[in-house]
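Chains, contacts and geometry: an overview
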Amino acid sequence: MKVGNFQDFPAPEPQYKIPITKSAGEPGIDPVQMAIAFVTSRPFVTSNIIGATSIEQLATILGSVNVKITPELEAEINAIHQIHSNPAP
């Protein structure tokens, strides 16, 4: 579907959603918070640009400061990346 000058991308394949959700499925870890915490934890990132369209989304995003990317969680994320290195070619 074309909207304005942009083409909508198809929904990701289920195999991309399942492992990422399992990684963030630990009690108390929200997938959005995990993703933002991961990006922020990269040594080359000096700022993380977020986009929230509601107070609820902003609250979720800001909660990412309480998520610790442990070496074990990072290893799990990296293992998923090895299988699905570019989900949106």
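Up top you'll find the structure we're talking about.
Quick summary incoming for the structure in this document. (Residues numbered from 1 in each chain as written. Predicted model: local features only at pLDDT ≥ 70, side-chain atom pairs only at ≥ 80, totals over all residues. Heavy atoms only, no water.)

A word on the overall build of the protein chain. Scanning the protein chain from N- to C-terminus turns up 4 helices and 2 strands. Written out in order from the N terminus, the α and β elements of the protein chain read β-β-α-α-α-α. Across the 89 residues that make up the protein chain, the buried fraction comes to 20%. Sequence separation of at least 24 residues holds for 65% of the intrachain contacts in the protein chain that already meet a minimum separation of 6. Summed over its atoms, the accessible surface of the protein chain is roughly 6900 Å², and 63% of this surface lies on carbon and sulfur atoms. (Helix = DSSP H or I, 4+ residues; strand = E, 2+ residues; numbered from the N terminus. Buried < 20%, exposed > 50% of the residue type's maximum accessible area, 1.4 Å probe, protein only. Contact = heavy atoms within 4.5 Å. Areas by Shrake-Rupley, 256 points an atom, 1.4 Å probe, with all protein chains shown as cover.)

We now examine the side chain of Ser 64. Mapped onto the fold, Ser 64 is located in the loop between helix H3 (55-62) and helix H4 (71-83). Under the relative-accessibility criterion, Ser 64 is labelled buried at 9%. For Ser 64, the side chain forms a polar contact with the main-chain oxygen of Ile 61, separated by 2.7 Å. Setting aside anything within four residues of it in sequence, one finds Ser 64 in contact with Gln 33, Ile 36 and Ala 37. (Polar contact = N/O pair within 3.5 Å; in protein donor to acceptor, adjacent residues only side chain to side chain.)

To continue, consider the pattern of salt bridges. The full count for this structure, using the stated rule, is 1 salt bridge. In this structure, the salt-bridge partner of Arg 42 is Glu 74, at a minimum N-O distance of 3.0 Å. Placement of the pair is Arg 42 in the loop between helix H2 (31-41) and H3 and Glu 74 in helix H4, with a sequence separation of 32 residues. Looking at Arg 42, the relative accessible area reads 16%, which means it is buried. (Salt bridge = Lys/Arg side-chain N within 4 Å of Asp/Glu carboxyl O.)

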